[in-house]
Amino acid sequence: MNFKAPFQSITWNDDHITIIDQTYLPEREVYVDLTTEGQVWDAIKKMKVRGAPAIGITGAYGLYLGLRNAPETSFDSFYNEADRISEYLNSARPTAVNLSWALKRLNATIFAVKDKPISEIKQIILDTAKTIHNEDRRLCKSIGENGLDLIPDDARILTHCNTGGLATGEFGTAFSVILHAHHAGKLKQVWVDETRPLLQGSRLTTWELQKAEIPFHLNVDSAAAFLMQQGKVDLVVLGADRITKNGDTANKIGTYSLAVLADAHNIPFYVAAPYSTIDMDLETGSEIEIEQRDADEVTNFGNKQTAPDKVDVYNPAFDVTPNRLITAIITEKGVIKPNYKTNFEKLFS
Ligand SMILES: CSC[C@H]1O[C@H](OP(=O)(O)O)[C@H](O)[C@@H]1O
């Protein structure tokens with residue numbers, strides 16, 4: 001299916017990255033230029049750019065920004081600098097594997113061309129970052145196409161957090177499935193979880209759905225169960241930040257709750273993600289580092305304080321859904337069903 005994505009959230013402009021600063025959405029569409037690895041780190045940490053594939057792409061460009069003026073005295077010193085900057089960038093957010101995946105891919109590329117002049121290696125780093133960006137565009141389009149077979153006519157899809165162009169290189173993951181279902185005339189509407197505490201659903205997914213002219217209702221997270229109980233949800237489709245070899249999936253906090261609810265109501269529960277989100281180095285979800293974020297994200301609603309001073313807060317940015325609750329994982333190579341370990345090994349062989 002040929003259709004354009006509603007917008008681009010990351011662009012390489014000659015010598016810098018331009019991103020939409022998502023912290024201003026939906027009220028304002030603010031574009032910011034990132035010219036150093038420090039600005040990239042800050043943008044990822046403060047979620048000006050967010051979403052597993054998007055932070056991988058931005059991190060890749062960030063490594064180039066950090067290395068483009070590095071001394072060209074010796075390969076070893078250049079490679080050590082690449083490793084240092086990669087470690088620094090990777091420290092911005094730990095859970096989404098795409099950031100470390102992109103940086104590891106770039107460092108492997110650098111080592112593979114170690115006999116070339118360092119000036120040439122720098123250009124290869126930039127070219128590889130662009131390849132990662134363009135590859136994500138293609139992979140996410142395929143995810144949407146592959147997901148279509150799972151979508152019934154007049155589908156009412158519930159989704160969580162944001163998985164569209166703001167979270168990826170262009171089409172999104174679960175959002176790509178929604179886009180394709182819409183263009184195929186199979187989508188009745190989307191239920192959008194607001195996704196506390198940072199409201200990626202109510203701020204970002206609604207903004208993207210309006211741009212795509214897709215019908216939706218915004219609902220508080222705790223209304224999902226009632227919607228399912230009333231028979232108003234046909235399937236759940238959402239994204240991932242890290243999927244382990246056995247199919248356990250780390251995703252935005254609240255995903256596990258939805259998986260348990262979907263199971264209790266016999267509703268299909270689908271994860272959509274590119275291969276770059278699958279971490280074949282981890283056996284199970286218990287090994288995934290879950291990012292803990294600042295208390296003020298929970299004790300404040302925008303600029304309004306909504307809890308007393310000095311309260312203890314538990315604010316994990318993600319949770320882990322066990323593979324047994326995941327009906328299938330929609331990837332660019334097709335729809336993967338259990339046994340995930342066996343089928344991932346075939347996918348990666
Ligand atoms: C297409 S991956 C999007 C994935 O990333 C989000 O996390 P965050 O907003 O904290 O970057 C969320 O888990 C989404 O499912």
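Computed from a predicted model, the values in this text were never measured in an experiment.

Following the UniProt record, one finds the feature "binding site: substrate" (unreviewed entry) at Arg 50, Gly 51, Ala 52, Arg 93, Gln 200, Asn 251 and Lys 252. Secondary-structure assignment places Gly 51 in the loop between α1 (37-45) and α2 (52-67). With a relative accessible area of 11%, Gly 51 lands in the buried category. Checked against the element boundaries, Asn 251 lands in strand β9 (residues 249-252). The exposure class assigned to Asn 251 is buried, which follows from its relative accessible area of 5%.

Here we come to the pairing of strand β4 (residues 155-159). Where a strand is regular, its side chains alternate between the two sheet faces. Here β4 lies mainly inside the structure; four of its five residues are buried. Two strands pair when backbone bridges link them, and β4 and strand β5 (residues 187-193) are joined in this way by five bridges, in the parallel orientation. The residue bridging Arg 156 from the neighbouring strand is Gln 189, located in β5. In terms of handedness, the path from β4 via helix α6 (residues 174-183) over to β5 forms a crossover that is right-handed. Here β4 pairs with strand β7 (residues 235-238) via two bridges, running parallel. Residue pairing across strands places Ile 157 opposite Leu 235, the latter belonging to β7.

Attention now moves to the site of the ligand. The ligand sits among 19 residues. The nearest are Arg 50, Arg 93, Asp 241, Asn 251 and Lys 252. Between an oxygen atom of the ligand and a side-chain N or O atom of Arg 50, the distance comes to 2.6 Å. Here an oxygen atom of the ligand sits 2.5 Å away from a polar atom, N or O, in the side chain of Asn 251. Compared with its free state, where it exposes 410 Å², the ligand has 99% of that area covered by protein. Sorting the residues of the shell around the ligand by element identifies α2 and β9 as the ones contributing at least two each. Of the residues that constitute the shell around the ligand, the class distribution is seven nonpolar, eight polar and four charged.

Take the UniProt feature "site: Transition state stabilizer" (unreviewed entry) in the protein next. UniProt records the feature "site: Transition state stabilizer" (unreviewed entry) for Cys 161 in the present numbering. Considering the arrangement of structural elements, one finds Cys 161 in the loop between β4 and α6.

Applying the stated criterion across every chain yields a total of eight aromatic pairs. Ring centres 5.1 Å apart and planes at 15 degrees place the aromatic pair Trp 12 and Tyr 61 in the stacked group. In this pair, Trp 12 sits in strand β1 (residues 10-13) while Tyr 61 sits in helix α2, placing the two residues 49 residues apart along the sequence. Residue Tyr 61 is classed as buried on the basis of its relative accessible area, which comes to 2%. When the centroid spacing of 5.5 Å and the interplanar angle of 50 degrees are considered together, the rings of Tyr 79 and Phe 111 count as tilted. Placement of the pair is Tyr 79 in helix α3 (residues 75-90) and Phe 111 in helix α4 (residues 97-112), with a sequence separation of 32 residues.

Domain boundaries in the protein define domain 1 (10-142) and domain 2 (143-348). Computed over C-alpha atoms only, the centres of domain 1 and domain 2 are separated by 25 Å. With 33 residues of domain 1 at the contact, the number on the domain 2 side is 42 residues. Interface of domain 1 and domain 2: buried area, both sides summed, is about 3,000 Å²; carbon and sulfur atoms make up 52% of it.

Counting residues in hydrophobic clusters, the biggest one holds 39 residues, and the most contacted among them are Ile 17 and Leu 67. Mapped by element, the contributors of at least two residues to this core are β1, β2 (16-20), α1, α2, α3, α4 and α5 (118-147). Among the elements that make up this core, the one with the highest residue count is α2 (10 residues). Not counting residues up to four positions away in its chain, the partners in contact with Leu 67 are Phe 78, Glu 81, Ala 82, Ile 85, Ile 110, Lys 122 and Ile 125. In terms of nonpolar packing, the next biggest core, distinct from the first, is built from 27 residues, Ile 143, Ala 155, Ile 214 and Ala 328 among them.

Read from one edge to the other, the open sheet built from four strands follows the order β11-β8-β9-β14, with strand pairing classed as mixed. A single partner strand is all that each edge strand has here, and the edge strands are β11 (278-279) and β14 (318-321). With two bridges connecting them, strand β8 (residues 242-244) and β11 associate as parallel partners. Looking at β11, one finds that Thr 244 is bridged to Asp 279.

This next bit is on the pattern of salt bridges. Scanning the model with the defined rule gives 15 salt bridges in all. Put simply, Glu 135 and Arg 105 hold a salt bridge, and the shortest N to O gap is 3.1 Å. On the criterion of sequence distance, the pair formed by Glu 135 in helix α5 and Arg 105 in helix α4 is long-range, its members being 30 residues apart. Between Glu 291 and Arg 293 there is a salt bridge, with its nearest N and O atoms 2.7 Å apart. Glu 291 sits in the buried class, given a relative accessible area of 5%. When salt bridges with common partners are traced through the structure, they connect Arg 93, Glu 291, Arg 293 and Glu 297 into a single cluster.

Cut-offs and rules
Residues numbered from 1 in each chain as written. Predicted model: local features only at pLDDT ≥ 70, side-chain atom pairs only at ≥ 80, totals over all residues. Heavy atoms only, no water. UniProt positions renumbered as here; feature names shortened; annotations may be inferred. Helix = DSSP H or I, 4+ residues; strand = E, 2+ residues; numbered from the N terminus. Buried < 20%, exposed > 50% of the residue type's maximum accessible area, 1.4 Å probe, protein only. Pairing = 2+ DSSP bridges. Right-handed = clockwise from strand over helix to strand, strands pointing away. Near = heavy atom within 4 Å. Polar contact = N/O pair within 3.5 Å; in protein donor to acceptor, adjacent residues only side chain to side chain. Areas by Shrake-Rupley, 256 points an atom, 1.4 Å probe, with all protein chains shown as cover. Nonpolar A, V, L, I, M, F, W, Y, C, P; charged D, E, K, R; others polar. Phe/Tyr/Trp six-rings, centres within 6.5 Å; stacked < 30°, edge-to-face > 60°. Domains from an automatic or database assignment. Contact = heavy atoms within 4.5 Å. Buried area = accessible area lost by both parts, 1.4 Å probe. Core = buried A, V, L, I, M, F, W, Y, C linked by side-chain atoms within 4.5 Å. Salt bridge = Lys/Arg side-chain N within 4 Å of Asp/Glu carboxyl O.

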